[in-house]
Structures are given as structure tokens and as C-alpha cells.
Amino acid sequence: MFENILQEIRSYDRIIIHRHSNPDGDALGSQIGLKHIIRESFPEKEVYAVGDSSKRFSFIEDSVMDEVADEMYESALAVILDTSASSLISDARYKTAKRTVRMDHHIFCERIADVELTDTSYESCCGLVADFARKCGLAVNQLAAKSLYTGMITDSGRFRYDSTTSKTFEIAAFLMERKFTTEDIYRNLYADDFSRIRLRAEFVMKIKFSEKNVAYIYTTLDEARATGEDTFTISRGMVNTMGDIRGVDIWVNFTEADDGVLCEIRSSKYNINPIAVKHGGGGHAKASGATLKDREEALEMISELEELIGG
């Protein structure tokens, strides 16, 4: 399964790694992990990571993105990670690369790269990248292992989502053989300042319910700016404030931003992915996202999710 990817990496002296915009722990972890796997395994190669930054995951070592000149793409291999749709890729210059590769664990939406590897059996892209290194016999140093493990934690919900399998734990064990500490990972991910705890409480008080018990939060642009937090914290960071409400099988967080209404959809029971795809997004069967035009489209999505519940 991994041979074609490895051959592409072997064939290029310059490799530039991309992932989706507004990166989560899996996007950054897989990007940083792969960067250092390639550097450790092929010291002669130039390897760069590009894209927008993330305040939330800035604790991950080497999370500051590289500066890459446009002309560097002409002879480069661009690797795209953790992205199901081309519209979600951070830094569109990947299109100018000599060759492109995509590694992803989301439900396939569209062809993006010259060489494609999409496998939804992995709980995270970090798990996919780690298994690629494991099965190809590539060098995984401590920094790479810790980055990949961080992404596995975040995308599996601390190994409690139903995407977690025995393979997940096999790969996690492989990474932990590099003997990094996990204490600081969990502290940075789950220990919050009081201001953040209070913000979550404010979002809990904003929860509304549709007639068929779709839970949702809608945050306007002015409200988002007033929090002083970054978009990731408000959008993806707050969606699971609704995740443990008894009787709620679908929940959605809508956040107005400069480029549209960011939408994070989650479900404990239904495949909500087709609805995200319909609105230009993608993701997993029970966790997907999209960027909508306006509040009206957000309300349309609520109606579509109610139709999915039926009854």
C-alpha cells in the first residue's frame, strides 16, 4: 500500500508538506512527524512544512511553519496530508509543484494529487503516517514520534471514539518505544486557564435545540471577535461542549469568520458526512466540517440533519 508513496519521496530532493487550513492536532502532528521522518531517513533531502499557524497547538515542537519561495516548488514534491478536499488545503502553491502526493484518512471526496492514498481504517492521519514509517522501515526519532502520538490522541478523543481499533494501539505502542513523555502533551491539550473554562461555560449557555433535538451553537463574527480567541478555539474547540448531552445524537457548531460560516458537525449515531460534502466540506462519517456562505445556509443544514434523523 505504501510503496508508491515511498518511491515518490525517494525520487525528489526537495519535499514540501501541506495539510488543511485551521490545523488541528492531527494535521500539524502528521505534518511535523512526516517532516522529521523524512529528514531522519534521508538527511540529504530538503524538507519543509508550510501553511497557516495554530495558536492552540503551538506547544508541538517545530510547529512554526517554514518560509518557502515560490520558485522552490518547480522541482519539488508536494505532499498533502489530512485533507479530503482541495479547497481546504492551506497554501495553494502545491498546485505548482512538479509532482503531488496525498495521504489521508477521511472519506474520499475528490482526486487532489498525482498519487493518492486514502484509508479510512486509520483513526488519524498521524496513525497513517506512523504506520507508513513503521512498515517501510523508516527512521522515527523522538520528535516525530511525539508529534504523531499527539495527533492520534486528538483525533481519537483520547482513544475513546469508535474509530479507535487494535491497530491504533499497535501504532501508539510503536511510537512510544521512542520513550518521550506524554505528561506535557495531556497538560497542554486538556489543562485550561480559568478564562477558557469560563468561555466553555458561556458556549454551553448558547446551545439551542431543533425540533428533533439537533443541538447547535451559532456565533456571529462580532461575538467571535469579542472573545479574543482564535477561530480554531471557537469553532472546533467548542463543538464538543454539546457532545455528552443525553438524547442528542447530532450536534453542530457554526462560527462566522471573514471567509464564511465555519461549520463543525458531529454525531454519535448517524453518518453526517454526505451533508457536509453537499455543502463543500468533508471529513468522517461521524465528524465532518464545511464552510458555508451565511446563516441562511446554516439553518438549511439544520433542516437537512433533521431529515437524516427522520421519524
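Please refer to the structure placed before this passage.
Residues numbered from 1 in each chain as written. Predicted model: local features only at pLDDT ≥ 70, side-chain atom pairs only at ≥ 80, totals over all residues. Heavy atoms only, no water.

Colleague: Got a minute to help me understand the overall build of the protein chain in this structure?
Modeller: Along the backbone of the protein chain there are eleven helices and eleven strands. Since a compact globule built from 311 residues should have a radius of gyration of about 19 Å, the 19 Å found for the protein chain is in line with a globular shape. By principal-axis analysis of the C-alpha atoms, the protein chain measures approximately 60 × 40 × 40 Å. The proportion of buried residues among the 311 residues of the protein chain is 53%. Taking the contacts inside the protein chain whose residues are at least 6 apart along the sequence as the reference set, 63% of them involve residues at least 24 apart. Accessible surface, the protein chain as shown: approximately 14,000 Å² in total, 47% of it carbon and sulfur. Averaged over its 38 positive side-chain charges, the protein chain has a centre that lies 3 Å from the centre of its 52 negative ones. (Helix = DSSP H or I, 4+ residues; strand = E, 2+ residues; numbered from the N terminus. Rg over C-alpha atoms; globule rule 2.2 N^0.38 Å. Buried < 20%, exposed > 50% of the residue type's maximum accessible area, 1.4 Å probe, protein only. Contact = heavy atoms within 4.5 Å. Areas by Shrake-Rupley, 256 points an atom, 1.4 Å probe, with all protein chains shown as cover. Lys, Arg positive; Asp, Glu negative; His and termini not counted. Charge placed at Lys NZ, Arg CZ, Asp CG, Glu CD.)

Colleague: Which parts of the structure should I look at to understand helix α1 (residues 3-11)?
Modeller: Side chains of residues three or four places apart in an α-helix project in the same direction, reflecting 3.6 residues per turn. Looking only at α1, the buried set comprises I5, L6, E8 and I9. The arc that holds every buried residue of α1, seen down its axis, measures 160 degrees, which confines them to one face. In α1, those exposed residues whose orientation departs by more than 90 degrees from the buried face are E3 and N4. Elements in contact with the buried residues of α1: β1 (14-19), α2 (25-41), β3 (77-81), β4 (99-104), β5 (115-118) and α3 (125-136). (Arc of directions from axis to C-beta.)

Colleague: Any chance you could explain the packing of α3 against helix α5 (residues 166-176) here in plain terms?
Modeller: Helix packing geometry: the angle between the two helix axes and the distance between the axes. Packing of α3 against α5 brings their axes to within 10 Å, and their N-to-C directions diverge by 65 degrees. The hand of the α3/α5 crossing is left-handed. Contacts between α3 and α5 pair G127, A130, D131 and R134 from the former with K167, E170, I171, F174 and L175 from the latter. A breakdown of the residues in the contact of α3 with α5 according to their chemical character gives four nonpolar, one polar and four charged. (Axes fitted to C-alpha atoms, helices over the stretch in contact; angles between N-to-C directions. Left-handed = near helix turned anticlockwise from the far one by under 90°. Nonpolar A, V, L, I, M, F, W, Y, C, P; charged D, E, K, R; others polar.)

Colleague: What is the right way to look at the sheet that holds strand β11 (residues 287-292) in this model?
Modeller: Backbone hydrogen bonds hold the strands of a sheet together, and the pairing may be parallel or antiparallel. One open sheet holds the six strands; their spatial order is β6-β7-β8-β9-β11-β10, and the pairing between them is mixed. What marks the edges here is a single partner per strand, and that holds for β6 (208-209) and β10 (282-283). Pairing of β10 with β11 involves two bridges; the strand directions are antiparallel. In the sheet register, G282 faces β11, and the bridge partner there is G289. On top of the sheet, helix α11 (residues 295-309) reaches β7 (215-219), β8 (250-257), β9 (260-267) and β11; it is set at about 170 degrees to β8, its chief contact. (Pairing = 2+ DSSP bridges.)

Colleague: Before we go on, may I ask you to explain the pattern of salt bridges in this structure?
Modeller: When the charged atoms of two side chains lie near each other, side chains of opposite charge can form a pair. Applying the stated rule across the entire model yields 24 salt bridges. Of the charged contacts in the structure, one is a salt bridge between R200 and D192, with a shortest N-O distance of 2.5 Å. By relative accessible area, R200 is classed as partly exposed at 32%. Classification of D192 by relative accessible area gives partly exposed; the value is 27%. For the salt bridge of R236 with E264, the shortest nitrogen-to-oxygen distance reads 3.4 Å. (Salt bridge = Lys/Arg side-chain N within 4 Å of Asp/Glu carboxyl O.)

Colleague: Hey, could you run me through the environment of S63 in this one?
Modeller: Looking at where S63 falls in the secondary structure, it is placed in the loop between β2 (46-49) and β3. Remark: the alpha-carbon pair of S63 and S147, spanning 84 residues in sequence, is separated by 9.5 Å. In this structure, S63 is in contact with I32, F57 and S58, ignoring residues within four places of it in sequence. Among the polar contacts made by the side chain of S63, one reaches the main-chain carbonyl oxygen of S58 at a distance of 3.2 Å. (Polar contact = N/O pair within 3.5 Å; in protein donor to acceptor, adjacent residues only side chain to side chain.)

Colleague: Sorry, what's going on with the packing of α2 against helix α4 (residues 142-156) here?
Modeller: Taken N-terminus to C-terminus, the directions of α2 and α4 make an angle of 160 degrees; their axes are 8 Å apart at the nearest point. Taken as axis vectors, α2 and α4 run roughly antiparallel relative to one another. For the crossing formed where α2 meets α4, the hand is left-handed. Between α2, through G25, D26, G29, S30, I32, G33, H36 and I37, and α4, the contact on the second element is made entirely by L143, A144, S147, L148, G151, T154 and D155. Here the residues of the contact of α2 with α4 are counted per class, giving five nonpolar, eight polar and two charged. (Parallel < 35°, antiparallel > 145°, perpendicular 65-115°, else oblique.)

Colleague: Would you mind showing me how to read the nonpolar core here?
Modeller: One broad rule of soluble globular proteins: the nonpolar side chains tend to lie buried together. Membership of the largest hydrophobic core comes to 51 residues, with the highest contact counts inside it found for M103, F132 and L175. The residues touching L175, leaving out its near neighbours within four places in the chain, are A130, V140, A145, L148, Y149, M152 and F180. Listed in part, the 19 residues of the second largest apolar core include Y218, C263, I265 and L305. (Core = buried A, V, L, I, M, F, W, Y, C linked by side-chain atoms within 4.5 Å.)

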